[in-house]
Amino acid sequence: MTSSLSAIVTPGFDITFHGVRGSTPCHGGGVARYGGNTSCVSVDVPGHQPIMFDLGTGARYFGVGWPADQPFDGVCLLSHLHWDHVQGLPFFTPVLRPGGRLALHAPLQEDETTVEEVVQRMLCPPLFPVRIADLPGEFLFHEHGDDDFSIGEVQVMSRLIPHLGNTLGYRLSWGGASLSYLSDHQQPGVDVYEATDNARELCQGVDVMIHDAQYTRAEFEHKSSWGHCTIDYAVWLALECDVRTLVLYHHDPSHDDDQLDRVIAEVNAQVGDRLDVIGAREGLIMHLDR
Ligand SMILES: [Zn+2]
Ligand SMILES: [Zn+2]
């Protein structure tokens, strides 16, 4: 990370964290500092339309900060369609106003169902009072497997990664800066440190890697088939792929602020200057430039 002054003169991203929890939102004094909303990150590339990762409950807070008089024309890269990654969609105010436009990129589904059909099934009575077609904004749907595409000048790599159901990780590159996002990533087994070629391709040499950090080793012993990994696994993968900064993300709702502080301090003591490790928290803004 460098100063905001250098971000003014060199190309790069601003990365803002709006929701950092996995599985389900949580609240209370014990999680107040890291925050209790589920997955949502926005990426601000100068002069470029906004790019988001996921639409968990944190998306509402990104939306309420968007100027009401500025029509929203943005892109969201959805990792997958589990609740904790889409629940904020009907509360994202920029598309609750006429003129708002959101392009949703999501993984191809395993059956013949389209992503648009899944969203229509999610947003309809009796599960939700309003249908997506009745929202004032415009939605565009794009489906991906292992693809390379661009959003404006930003190069995007989508790769299927192990989780429960089709799930994408993403890598963004622009102006020599790079960022990877793997919110939900299944570790192969207890104490098994291996990664697929797809996961390695997403992470190799990136400046910032935002990665699943749901479980401690003790928790993973009982939940090793739940689609996630240990904090140690995220650190291993970051070291393996020569990552500059690892952002631990998708915190388990049972992990309170003090525990996260302790774990992050322990991990940094272990890795020394080989890797920077930080914990994602709501409101964190990272300036990334080269
Ligand atoms: Zn999740
Ligand atoms: Zn999931």
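Everything here concerns the structure above.
A short tour of the structure in this document, coming up.

Calculation criteria
- Residues numbered from 1 in each chain as written.
- Chains lettered and ligands numbered in written order.
- Predicted model: local features only at pLDDT ≥ 70, side-chain atom pairs only at ≥ 80, totals over all residues.
- Heavy atoms only, no water.
- Phe/Tyr/Trp six-rings, centres within 6.5 Å; stacked < 30°, edge-to-face > 60°.
- Buried < 20%, exposed > 50% of the residue type's maximum accessible area, 1.4 Å probe, protein only.
- Lys NZ or Arg CZ within 6 Å of the ring centre and 35° of its normal.
- Donors = N, O, S within 2.8 Å, 3.2 Å for Na, K, Ca; no water.
- Tetrahedral: all angles 85-135°; square planar, octahedral: opposite > 155°, others 65-115°.
- Helix = DSSP H or I, 4+ residues; strand = E, 2+ residues; numbered from the N terminus.
- Pairing = 2+ DSSP bridges.
- Right-handed = clockwise from strand over helix to strand, strands pointing away.

**Examining the packing of aromatic side chains**
Counting across every chain of the model gives 13 aromatic pairs. Measuring from ring centre to ring centre gives 4.9 Å for tryptophan 66 and phenylalanine 72, while their planes differ by 80°; the resulting arrangement is edge-to-face. Taking the relative accessible area as the measure of exposure, phenylalanine 72 reaches 2% and is therefore buried. In this structure an aromatic cluster arises from ring pairing among Phe17, Phe53, Tyr170, Tyr181 and Tyr249. The ring of tyrosine 61 is capped by arginine 60, whose NZ or CZ atom sits 5.2 Å from the centre of that ring.

**A few points about the coordination of the zinc ion (ligand 1)**
Around the zinc ion (ligand 1), the protein supplies Asp84 (OD), His85 (NE2), Asp184 (OD) and His250 (NE2) as donor atoms, at distances of 2.1 to 2.2 Å. For the zinc ion (ligand 1), the 4 donor atoms in the first shell make angles of 88 to 165° at the metal, a pattern classed as irregular. Donor residues binding the zinc ion (ligand 1) come from one chain and are separated in sequence as D-H-x98-D-x65-H. Between the zinc ion (ligand 1) and the zinc ion (ligand 2), the interatomic distance is 3.6 Å.

**Some thoughts on the pairing of strand E11 (residues 208–212)**
Along E11, 5 of the 5 residues are buried, which leaves the element largely enclosed by surrounding structure. Examined bridge by bridge, strand E10 (residues 177–182) and E11 share 4 bridges and lie parallel to one another. Within the sheet, the bridge partner assigned to leucine 182 lies in E11 and is histidine 211. This β-α-β element, E10 to helix H5 (residues 197–203) to E11, shows right-handed connectivity. As paired elements, E11 and strand E12 (residues 245–249) share 5 bridges and run parallel to each other. When the sheet's bridge partners are listed, methionine 209 is paired in E12 with leucine 246.

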